[in-house]
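Tertiary structure, described
As a plain string of letters, each chain reads:
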Amino acid sequence: MPNRMTLVAVWLVLLALLGISTWVALLRLGSWHAALNLIFAVASAGAVVWFDMHLRKGSGTLKLFAGGTVIFLFIMFGFGLADWLTR
Amino acid sequence: MSDALPAVHEQYQVATQQLAADRLGLWVFLASEAMLFGAVFFSLAVYHYIHPAAMHAATDQLDLSMGAVGTAVLLSSSTTMALAVKAAGEGRRWETLVALIGTVVLGLAFEAIKVHDWFDEFGKGLYPPAGPPFPLPQPAARLFFHLYFVSTGLHAVHLAVGILLVAGLVIMQVSGRLTLPERMVTVEMVGLYWQFVDIVWIFLYPTLYLVSR
């Protein structure tokens, strides 16, 4: 389990990512908004899962299930959006 | 993770097996929840793709500063919840109690911000089924706000459940029924749920407030 300083450091990183993503959204970057905001969201969620949800120290089975969830979401988004993107 | 182990139920041979089953069961539940919210995000992605102008006009109606403050509050609650789990694993009763109360307060603060937003948006006519006339000419903007209220409402319900669970832990702790570190797995399970609800908002905030701005 992460020590307290690690958890506080993760919190500060999350707030920094929130500030950067909000600032980027105000820059009027066009279609880059979506890509950058998705990257910041994935980074934030990854930090929460890895440290606050303790997956870093979790068993291989837990990591398999967490990874499997992401894969199934990719399948849903990939197959679903393939329809719209290829029309 | 902590090695503090609770009493073993009859269907398990050893406490570590029970602990592993508890953790895996909760992660499977969270995976099913991820698929539920995934469908909502997929709908939003499709609408952003096929109606970019209407989504831009609709997103501009949302209060970005309130969204950012609410997100900061929720991210802070993630940390207090993680600190509560850490303290529970070490058997630090007072530290656990303070962190749990902090989590409840931050969760309630987020809900208050969201309810304030909803009343504000209702007053501007942005709630499509009722209230003042919808202010935007694009029909697809209505689609956005339907999904906005469904997604934020679904998230708020999940957060309310989380607040009740954490408040339950506070009551158990105060009444002495939450013996630590033996029952730290109870705190850990509620913590996992809480973190998941925060992750949902980590994706909802940019999807609703930022992407089309």
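Residues numbered from 1 in each chain as written. Chains lettered and ligands numbered in written order. Predicted model: local features only at pLDDT ≥ 70, side-chain atom pairs only at ≥ 80, totals over all residues.

Brief notes about the overall build of chain B
Looking only at helices and strands, chain B has six helices and zero strands in total. Listing each helix as α and each strand as β along chain B from the N terminus yields α-α-α-α-α-α. A buried classification covers 40% of the 213 residues belonging to chain B. The contacts in chain B between residues at least 6 apart in sequence include a share of 77% that link residues at least 24 apart. (Helix = DSSP H or I, 4+ residues; strand = E, 2+ residues; numbered from the N terminus. Buried ≥ 20, exposed ≤ 12 C-beta atoms within 10 Å, placed from the backbone. Contact = placed C-beta atoms within 7 Å.)

Regarding the packing of helix α3 (residues 64-89) of chain B against helix α4 (residues 93-123) of chain B
Residue and element names in this part refer to chain B. In contact at an axis separation of 8 Å, α3 and α4 are set at 160° when each is read in the N-to-C sense. If you check the angle between α3 and α4, you find them roughly antiparallel. Crossing of α3 against α4: the hand is left-handed. Residue composition of the contact of α3 with α4, by class: 15 nonpolar, eight polar and three charged. (Axes fitted to C-alpha atoms, helices over the stretch in contact; angles between N-to-C directions. Parallel < 35°, antiparallel > 145°, perpendicular 65-115°, else oblique. Left-handed = near helix turned anticlockwise from the far one by under 90°. Nonpolar A, V, L, I, M, F, W, Y, C, P; charged D, E, K, R; others polar.)

Let's talk about the interface of chain B and chain A
On the chain A side, the residues contacting the 38 residues of chain B number 36 residues. Elements represented by at least two residues in the side of chain B that touches chain A include exactly α1 (15-50), α3 and α6 (184-210) of chain B. Broken down by element, the side of chain B that touches chain A gets its largest block of residues, 14 residues, from α1(B). Of the residues contributing to the side of chain B that touches chain A, the split by class is 26 nonpolar, eight polar and four charged.

Describing the packing of helix α2 (residues 32-52) of chain A against α6(B)
α6(B) packs onto α2(A) with a crossing angle of 170° between their chain directions and a minimal axis gap of 10 Å. Between α2(A) and α6(B), the angle falls in the class roughly antiparallel. Contacts between α2(A) and α6(B) involve H33(A), N37(A), A41(A), S44(A), A45(A), V48(A), V49(A) and D52(A) from the former and Q195(B), D198(B), I199(B), I202(B), F203(B), P206(B) and L210(B) from the latter. Residue classes in the contact of α2(A) with α6(B) are distributed as nine nonpolar, four polar and two charged.

Description of unusual backbone geometry
The omega torsion across L180(B) and P181(B) is 10°, close enough to zero to call that bond cis. Relative to the helices and strands, P181(B) is located in the loop between α5 (139-174) and α6. At H54(A), a position not held by glycine, the phi torsion is positive, near 60°. Position of H54(A) relative to the elements: it lies in the loop between α2 and α3 (60-85).

A word on the domain arrangement of chain A
Parsing chain A into structural domains produces domain 1 (1-53) and domain 2 (59-87). For domain 1 of chain A and domain 2 of chain A, the distance between their C-alpha centres works out to 21 Å. (Domains from an automatic or database assignment.)

Re the environment of V187(B)
Residue and element names in this part refer to chain B. Note that V187 resides in helix α6. For the pair V187 and V85, spaced 102 residues apart in sequence, the C-alpha separation works out to 5.9 Å. Dropping the residues within four chain positions of it, V187 is found in contact with A84, V85, A88, T96 and L169.

Overview of α3(B)
When the terminal C-alpha atoms of α3(B) are compared, their 38 Å separation across 26 residues agrees well with the 38 Å that a helix rising 1.5 Å per residue should span. G91(B) lies just past α3(B) and shows a positive phi near 75°. (Expected span 1.5 Å × (residues − 1).)

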